[in-house]
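What the coordinates show
Here is what each chain is made of, one letter per residue.
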Amino acid sequence: MEISVPKLNIRRKSLPTITSPSPVIACSHEGFLWKRGRESRQFQKRRFLLSAREGVMKYYTKESRGPKAIISIENLNAMFQTEKIQHAHGLQITYKTDGQTRNLFVYHESGKEIVDWFNAIRAARYYYLRTTFPTVPESELIPRITRNYVKEGYMEKTGPKQKEPFKVRWFCLDSQDRNLMYLKNPLDAFAQGQVFIGRMDEGYEVRAGLPQGVRVKKRKPAITVVTPMREFVFICENDREQREWIDALNGVIAQPLTG
């Protein structure tokens, strides 16, 4: 049996073509990565195991006998994050747990090793998608293997009454899940909250500026995200950031809903 993993053009290295009597073995990987602790916020060496045969990724701490976490390949994602992690070989791994997105930040001293991990995750994801959805066209599967956030960066947000003080938060826009997530710090394990971004015909819209009646002291460009439930108000650092966020959000609003 042969599985050709679709290539992704990245700075480091293209994805390999996997040819093996047992492709699930080729879609697996094991080794050590430096992982940022959720509480300590320090990077510590942890053993990771990716098993396409079991359909999971696991990681282990020094103290634990069993795995610290078992992550289903079904909702596993990975993206390079060199600037955010401040390491040349940084990787952000995300997955869903109890309805929330969990962020793992890892790196390796070797650029080749971190690319091998990224390639293995993509290969395992492709194997899962190809075997779970055998009739879905390749063109629809490829974008769902792994993805980067459409846009990330700082904005300021206020509360539901739109009278609360504005607070600086780090925002991530995930077009596949249609979520605008906000975190207190870029390297937090979980988001503080998220805003679902639906379609325009469902009552979702993004506008430049503030809602009527809302006043702010800062003379900075603002964005209002309109949803059926409420309006979310964000302040951007400058005009360029405002345009980029509006374009990114409109792109998600315009895309069709997928199951």
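Residues numbered from 1 in each chain as written. Predicted model: local features only at pLDDT ≥ 70, side-chain atom pairs only at ≥ 80, totals over all residues. Heavy atoms only, no water.

1. Examining the sheet that holds strand β11 (residues 167-174)
In space, the 7 strands of this open sheet follow the order β13-β12-β11-β10-β16-β15-β14, with antiparallel pairing throughout. Either end of the sheet is taken by a strand with one partner, and the two such strands are β13 (193-196) and β14 (205-208). Strand-to-strand twist of the sheet, defined as the mean angle between neighbouring strand axes without regard to direction, takes the value 35°. Taken together, the 5 bridges between β11 and strand β12 (residues 179-183) define a ladder with antiparallel strand orientation. Pairing of Asp174 across the sheet is with Asn179, part of β12. (Pairing = 2+ DSSP bridges. Helix = DSSP H or I, 4+ residues; strand = E, 2+ residues; numbered from the N terminus. Axes fitted to C-alpha atoms, helices over the stretch in contact; angles between N-to-C directions.)

2. So, the environment of Met181
Its location among the elements puts Met181 in strand β12. On the accessibility criterion, Met181 (5% relative accessible area) is buried. As for Met181 and Ala191, which are separated by 10 residues in sequence, their C-alpha atoms are 6.1 Å apart. Sequence-distant contacts of Met181, that is, excluding residues within four places in its chain, are made with Thr101, Tyr149, Trp170, Phe171, Cys172, Asp174, Ala191, Gly193 and Gln194. (Buried < 20%, exposed > 50% of the residue type's maximum accessible area, 1.4 Å probe, protein only. Contact = heavy atoms within 4.5 Å.)

3. Observations regarding the nonpolar core
For soluble globular proteins, nonpolar side chains are generally found buried alongside one another. The biggest cluster of nonpolar side chains holds 27 residues, and the ones touching the most others in it are Phe48, Leu50, Met57, Leu76, Leu91 and Ile93. Those elements giving two or more residues to this core turn out to be β4 (43-51), β5 (56-60), β6 (69-72), β7 (77-80), β8 (90-97), β9 (100-107) and α3 (111-132). In terms of residue count, α3 provides more of this core than any other element does, 9 residues in total. Formed by 19 residues, the second largest nonpolar core is a distinct cluster that contains Phe171, Leu173, Val206 and Val252. (Core = buried A, V, L, I, M, F, W, Y, C linked by side-chain atoms within 4.5 Å.)

4. Some remarks on the environment of Glu244
Counting through the fold element by element, Glu244 comes out in helix α5 (residues 239-254). Assessed through its relative accessible area of 33%, Glu244 is described here as partly exposed. In sequence terms Glu244 and Lys151 are 93 residues apart; their C-alpha atoms lie 8.1 Å from each other. In terms of polar contacts, Glu244 uses its side chain to reach the side chain of Lys151, at 2.8 Å. (Polar contact = N/O pair within 3.5 Å; in protein donor to acceptor, adjacent residues only side chain to side chain.)

Treat this as a map of the structure, not an account of what it does.
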